[in-house]
Amino acid sequence: MADAKVIPFDDDRSRARRRPGRVDGEAAAVRALPGPQAGPQEPGEAPEGRRLPDDGGGREDGAGAGSSAGGAEGAGARGWERRLAGGLAFLRRRITGDYEVDEFGYDEELTDQVLMSLLRPLYEKYFRVEVKGVENIPAEGGALIVANHSGTLPLDGLMMQVAVHDHHPAGRHLRLLAADLVFVLPVVNELARKAGHTLACAEDAERLLRAGEIVGVMPEGFKGIGKPFGERYKLQRFGRGGFVSTALRAGVPIVPCSIVGAEEIYPMIGNARTLARVLGIPYFPLTPTFPWLGPLGALPLPTKWTIQFGEPIPTDSYAPEAAEDPMLMFNLTDQVREQIQHTLYKLLVQRRSVFF
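Computed from a prediction, not measured in an experiment: that's the story for all the values here. (Residues numbered from 1 in each chain as written. Predicted model: local features only at pLDDT ≥ 70, side-chain atom pairs only at ≥ 80, totals over all residues. Heavy atoms only, no water.)

J.: How would you explain the overall build of the protein if you had to name every residue and give the values?
T.: Tallying secondary structure elements over the protein gives ten helices and eleven strands in all. Within the span of the protein, comprising 356 residues, buried residues form 44% of the whole. Across the protein, contacts joining residues at least 24 apart in sequence account for 77% of those joining residues at least 6 apart. A total accessible area of about 19200 Å² is found for the protein, and carbon and sulfur atoms account for 58% of it. (Helix = DSSP H or I, 4+ residues; strand = E, 2+ residues; numbered from the N terminus. Buried < 20%, exposed > 50% of the residue type's maximum accessible area, 1.4 Å probe, protein only. Contact = heavy atoms within 4.5 Å. Areas by Shrake-Rupley, 256 points an atom, 1.4 Å probe, with all protein chains shown as cover.)

Structure follows, in structure tokens:
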């Protein structure tokens with residue numbers, strides 16, 4: 001199998017072409033692929049897939065209804081043909097290596113057409129995510145999204161990625177900064193890089209931001225996703241404010257993000273620390289269903305989620321040396337943390353139920 005082409009990160013081809021918003025009922029993979037173009041229409045002929053308005057002169061023998069049904073069936077058949085052709089073309093490109101990845105390993109085509117399609121049912125049907133304030137993410141240029149972290153397993157980051165991908169008016173892509181553990185796990189490592197995730201280090205984050213990418217970070221880290229159920233929605237320490245320093249150096253705005261609903265998917269009532277040390281993981285969660293019910297206990301509870309993106313905090317007005325000012329970094333870190341915490345409390349008051 002041929003290798004995929006690796007393109008330099010600062011090459012213009014690595015920038016995502018802005019795609020139109022996803023139409024309800026139509027898969028993004030289908031729209032992204034070229035289809036047969038409709039030919040010139042005869043006078044009085046309806047565009048493909050649409051019916052002419054009834055002029056009141058319908059035939060009593062039902063011929064009009066039969067023609068409409070036949071046209072709908074024909075349009076449906078042509079749609080399936082386009083889907084099949086698009087799927088075969090996609091497989092051919094994957095087999096021959098005729099696709100591009102950037103030097104971080106991000107595969108935009110695979111993410112758009114496969115990974116997002118796999119996550120979307122979980123996002124739309126299972127967690128029923130409601131998105132607010134997505135217009136606060138800039139339409140172009142870099143930005144750093146800072147969110148709370150929870151849920152025992154980091155599903156909140158993936159749902160945030162789908163929210164930006166599917167709902168942003170400019171069709172932007174979110175590049176998440178992930179912990180070291182993600183990149184040492186088999187299979188997970190490869191999928192994370194294909195989806196645009198990269199190691200949570202200042203150098204990679206700054207490079208992505210300067211290239212005009214949207215970068216997501218969850219400063220609570222394992223302290224956030226591994227906290228007990230009794231401490232839900234109480235933000236843990238945000239580290240030393242390294243994300244603020246990165247945003248200051250790149251001159252990009254910081255967008256606070258609050259996620260409600262993830263805390264209850266795996267109510268963590270205990271932590272088997274000895275077993276965690278043996279396995280080399282930060283914690284081993286004990287929930288009401290795991291590990292007591294075996295693999296079935298790993299199924300998350302179908303909670304109702306809300307993801308809200310807050311007002312961006314600009315950083316481009318600061319001088320370059322501001323990134324070395326510890327007091328400024330502390331103040332900005334505290335401002336971001338307080339804004340996320342306040343929004344969490346507000347969303348918790350507004351929600352009717354954990355599951356509805």
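Now that the structure is up, let's keep going.
J.: Kindly report on the pairing of strand β11 (residues 306–309), identifying the contributing residues and their values.
T.: Both faces of the sheet carry side chains from a regular strand, because those side chains alternate between them. Taking every second residue as pointing to the same face, both faces of β11 are buried, with Thr-306 and Gln-308 on one and Ile-307 and Phe-309 on the other. Pairing of strand β3 (residues 130–132) with β11, which is carried by three bridges, proceeds in the parallel orientation. Within the sheet, the bridge partner assigned to Lys-132 lies in β11 and is Gln-308. The pairing of strand β8 (residues 254–260) with β11 spans four bridges and is classified as antiparallel. Across the sheet, the residue bridging to Ser-258 is Gln-308, located in β11. (Pairing = 2+ DSSP bridges.)

J.: Outline the environment of Thr-306, supporting the account with residue identities and numerical values.
T.: Structurally, Thr-306 is set in strand β11. In contact with Thr-306, not counting residues within four places along its chain, are Glu-130, Lys-132, Ser-258, Ile-259, Val-260 and Leu-347.

J.: Describe the pattern of salt bridges, listing the residues and the values that go with them.
T.: Evaluated as defined, the whole model comprises twelve salt bridges. Salt-bridge contacts for Glu-109 lead to Arg-94; the nearest nitrogen and oxygen are separated by 3.2 Å. In this pair, Glu-109 sits in helix α3 (residues 108–126) while Arg-94 sits in helix α2 (residues 63–96), placing the two residues 15 residues apart along the sequence. With respect to class, Glu-109 is no different from Arg-94; both count as buried. Ionic pairing is found between Lys-304 and Glu-130, a salt bridge with its closest N-O pair at 3.7 Å. With Lys-304 in the loop between β10 (285–286) and β11 and Glu-130 in strand β3, this residue pair connects regions lying 174 residues apart in the sequence. Accessibility expressed as a relative area gives 36% for Glu-130, which makes it partly exposed. By sharing partners, the salt bridges in this structure join Arg-93, Arg-94, Asp-107, Glu-109 and Lys-194 into a single network. (Salt bridge = Lys/Arg side-chain N within 4 Å of Asp/Glu carboxyl O.)

J.: Could you give an account of the environment of Pro-300, naming the residues involved and the relevant values?
T.: By the secondary structure assignment, Pro-300 is in the loop between β10 and β11. For Pro-300, a relative accessible area of 10% gives the class buried. Residues Pro-300 and Tyr-126 lie 174 residues apart in sequence; the distance between their C-alpha atoms is 9.5 Å. Each residue touching Pro-300, except ones within four places of it in the same chain, is listed here: Tyr-126, Phe-127, Leu-155, Ile-265 and Tyr-266.

J.: A description of unusual backbone geometry should follow, citing residues and the corresponding values.
T.: Cis geometry is found at the peptide bond from Phe-290 to Pro-291, where omega equals 5°. For Val-187, which is not a glycine, the phi torsion comes out positive at approximately 70°. By the secondary structure assignment, Val-187 is in the loop between β5 (174–178) and α5 (188–194). Within the chain, Tyr-233 stands out as a residue other than glycine whose phi angle is a positive 65°.

J.: Residue-level account of the side chain of Asp-166, with values.
T.: Within the fold, Asp-166 resides in helix α4 (residues 155–167). Note on Asp-166: relative accessible area 12%, which makes it buried. Side chain to side chain, Asp-166 and His-165 meet in a polar contact 2.8 Å long. (Polar contact = N/O pair within 3.5 Å; in protein donor to acceptor, adjacent residues only side chain to side chain.)

J.: Kindly report on the confidence of the model for the protein, identifying the contributing residues and their values.
T.: The predicted coordinates of low-pLDDT regions are not to be read in fine detail. Summing up the model confidence of the protein, the mean pLDDT is 83 and the portion of residues at 70 or higher is 79%. Here residues 9–67 is modelled with pLDDT under 50, and outside its nearest four sequence neighbours on either side it reaches 54 contacts, counting other chains as well. (pLDDT = per-residue confidence, 0-100.)

J.: Residue-level account of the sheet that holds β3, with values.
T.: Strands sit in the order β3-β11-β8-β4-β7-β5-β6 across an open sheet of seven strands; the sheet is mixed. A single partner strand is all that each edge strand has here, and the edge strands are β3 and β6 (198–199). Relative to the sheet, α4 contacts β3, β4 (143–147), β5, β8 and β11, its axis offset from that of β5 by approximately 165°. Along the sheet, helix α10 (residues 326–350) makes contact with β3, β4, β8 and β11, crossing β8 at roughly 30°. (Axes fitted to C-alpha atoms, helices over the stretch in contact; angles between N-to-C directions.)

J.: I'd love a proper account of the packing of aromatic side chains, names of residues and values included.
T.: Under the counting rule described, the total for this entry stands at four aromatic pairs. Here Phe-127 and Trp-305 contribute two aromatic rings whose centre-to-centre distance is 4.6 Å and whose plane-to-plane angle is 25°, an arrangement assigned as stacked. Taken together, the positions of Phe-127 in the loop between α3 and β3 and Trp-305 in the loop between β10 and β11 put the pair 178 residues apart, joining distant regions of the chain. Seen from their ring centres, Phe-238 and Phe-243 are 6.0 Å apart, and the 75° between their planes marks the pair as edge-to-face. Every member of this aromatic cluster is reached through a ring pair, and the members are Tyr-126, Phe-127 and Trp-305. (Phe/Tyr/Trp six-rings, centres within 6.5 Å; stacked < 30°, edge-to-face > 60°.)

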